[in-house]
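Each chain, letter by letter, is given below.
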Amino acid sequence: MKELFPLKQVNGFIFSLLLTVIALSVYFMDLSFELGMTILLITAFVQATVQLVVFMHAGESEDKSAIYTSTLYGIIIALFTVFGSLLAMVWGYM
Amino acid sequence: MKIDHSQPLEYSTEQNKMNILGFWIFLGAEIMLFATLFTSYFVYEDRIGSGPAGAEIFGITPVLFETFILLTSSFTIGLAIHAMRIQRTKAMLVFLGITLLLGAAFLGIEIYEFTHYYHVGATLQTSAFTAILLTTLGTHGAHVTFGLFWGLFIILQIRKRGLTPETANKSFIFSLYWHFLDVVWIFIFSFVYLKGMM
């Protein structure tokens, strides 16, 4: 039975639960918008990294540089799309 | 077909390696797809017209259940892949089954949530905000629905053929997909729900 629950994955799961609880503090505690967003940004991106590395085995195979490159490319385009649009369509008019 | 026994089964042939790399490239495109949805959401978040705002319709309880259920299912499918690598086919199928049950539970709560939105007057036509909210959540939910069928067929195939380089490869790729859906949900949870209720 024990060999079915590798420590790395169990720890990854506990860590991701912990990150979720930390993220929840923005709901249950009365924080400023800036502080709340900072907490959420950190917990969300750390959480995504845990999934990628611990659960998706991103760095295990010999083509890991191709995997990381393509994923990073997706993330960079994503960030440019989100923040570029916010800059052009929301923040510029506040 | 050349099988490399020094590699885990899902990586054991050249074709398998290519399939996995190809799926990562697909996930890169999926990141961009969800990025466009999040972009539209952030741009239209405050355009609520005469409809309700996020804080008025979001409830913390269903969101918490959805989040913990999906996180746990991401963990159990990780265990399924681990069981697959140590050749424990039966344990793998059990973990896969639990994963799909959790996925179905997630979907049930999301459907409940959607009917709730409908009843409080937040429909696809209400405002720019509700339209993009439901489109973003719906796209994620559609992915989960697709994943349920995909996973079910993989379970059936493993029961029929056992663990071969092909079925192991398919299972591994499915696990990548499922983890990815969890990652997307983390962002929905953080930047749609928690941000909206903050």
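Worth saying up front: this structure is predicted, and the values here are computed from it rather than measured.

What counts and how
Residues numbered from 1 in each chain as written. Chains lettered and ligands numbered in written order. Predicted model: local features only at pLDDT ≥ 70, side-chain atom pairs only at ≥ 80, totals over all residues. Domains from an automatic or database assignment. Contact = placed C-beta atoms within 7 Å. Helix = DSSP H or I, 4+ residues; strand = E, 2+ residues; numbered from the N terminus. Nonpolar A, V, L, I, M, F, W, Y, C, P; charged D, E, K, R; others polar. UniProt positions renumbered as here; feature names shortened; annotations may be inferred. Core = buried A, V, L, I, M, F, W, Y, C linked by C-beta atoms within 7 Å. Buried ≥ 20, exposed ≤ 12 C-beta atoms within 10 Å, placed from the backbone. Axes fitted to C-alpha atoms, helices over the stretch in contact; angles between N-to-C directions. Left-handed = near helix turned anticlockwise from the far one by under 90°. Parallel < 35°, antiparallel > 145°, perpendicular 65-115°, else oblique.

Student: Hey, could you go over the domain arrangement of chain A for me, with residue numbers and the actual values?
Tutor: Taken domain by domain, chain A holds domain 1 (1-56) and domain 2 (61-94). Placing the centre of domain 1 of chain A and that of domain 2 of chain A at their C-alpha centroids yields a distance of 21 Å.

Student: If you had to explain the interface of chain A and chain B to someone new, which residues and values would you point to?
Tutor: Tallying the contact residues gives 39 residues for chain A and 40 residues for chain B. When residues of the side of chain A that touches chain B are traced back to their parent elements, those giving at least two are α1 (7-28), α2 (33-55) and α3 (64-89) of chain A. Looking at which element gives the most residues to the side of chain A that touches chain B, the answer is α3(A), with 14 residues. Across the side of chain A that touches chain B, the residue classes tally to 24 nonpolar, 13 polar and two charged.

Student: Report on the UniProt feature "transmembrane region" (unreviewed entry) in chain A, specifying residues and quantitative values.
Tutor: In this numbering, the UniProt entry assigns the feature "transmembrane region" (unreviewed entry) to residues 12-29, 35-59 and 71-93 of chain A. Taken end to end, residues 71-93 of chain A is 83% helix and 0% strand, and its first and last C-alpha atoms sit 32 Å apart.

Student: Could you give an account of the UniProt feature "domain: Heme-copper oxidase subunit III family profile" (unreviewed entry) in chain B, with specific residues and numbers?
Tutor: UniProt tags residues 21-197 of chain B as "domain: Heme-copper oxidase subunit III family profile" (unreviewed entry). End-to-end, the C-alpha atoms of residues 21-197 of chain B are 38 Å apart, and along that stretch the chain is 86% helix and 0% strand.

Student: Describe the nonpolar core, with residues and values.
Tutor: Residues Ala80(B), Val184(B) and Ile188(B) are the most contacted members of the largest nonpolar core, which totals 64 residues. Elements with a minimum of two residues in this core: α1, α2 and α3 of chain A together with α1 (14-44), α3 (60-85), α4 (89-119), α5 (128-161) and α6 (165-197) of chain B. At 18 residues, the largest contribution of residues to this core is made by α6(B). The contacts of Ile188(B), once residues within four sequence positions are left out, are Thr136(B), Leu137(B), His140(B) and Tyr193(B).

Student: So what about the UniProt feature "transmembrane region" (unreviewed entry) in chain B? Which residues, and what values?
Tutor: All names here are of chain B. Feature annotation in UniProt assigns "transmembrane region" (unreviewed entry) to the following positions: residues 21-43, 63-81, 93-112, 132-156 and 176-194. The span residues 21-43 shows a helical share of 100% and a strand share of 0%, and its end C-alpha atoms are spaced 33 Å apart. Each end of residues 132-156 is marked by a C-alpha atom, and these two atoms are 36 Å apart; helix forms 100% of the span and strand 0%.

Student: Go over the environment of Tyr112(B) with me, naming the residues and quoting the values.
Tutor: The residue Tyr112(B) is located in helix α4 in this model. When the C-alpha positions of Tyr112(B) and Pro62(B) are compared, they lie 8.8 Å apart, and in sequence the two are 50 residues distant.

Student: Give me the lowdown on the environment of Leu19(A), citing residues and values where you can.
Tutor: All names here are of chain A. The topology assignment puts Leu19 in helix α1. Residue classification places Leu19 among the buried positions, given that 21 C-beta atoms sit within 10 Å. As a C-alpha pair, Leu19 and Val82 span 63 residues in sequence and 23 Å in three-dimensional space.

Student: Describe the packing of α1(A) against α6(B), and please don't skip the residues or the numbers.
Tutor: Contact geometry of α1(A) with α6(B) gives a least axis separation of 8 Å together with a crossing angle of 30°. With respect to the hand of their crossing, α1(A) and α6(B) are arranged in left-handed fashion. On the side of α1(A), the interface is formed by Ala23(A), Val26(A) and Tyr27(A), while α6(B) contributes Ser190(B), Leu194(B) and Met197(B). Class assignment for the residues of the contact of α1(A) with α6(B) results in five nonpolar, one polar and no charged.

Student: How would you summarise the packing of α1(A) against α2(A) if you had to cite specific residues and measurements?
Tutor: All names here are of chain A. Direction vectors running N to C along α1 and α2 enclose 165°, while the axes themselves pass 9 Å from each other. The angle between the axes of α1 and α2 places the two elements in the roughly antiparallel class. The handedness of the crossing between α1 and α2 is left-handed. Residues Lys8, Gln9, Gly12, Phe15, Ser16, Leu19, Ile22, Ala23, Ser25 and Val26 of α1 lie in contact with α2, whose contacting residues are Gly36, Ile39, Leu40, Thr43, Val46, Gln47, Val50, Val54 and Phe55. Split into classes, the residues belonging to the contact of α1 with α2 amount to 11 nonpolar, seven polar and one charged.

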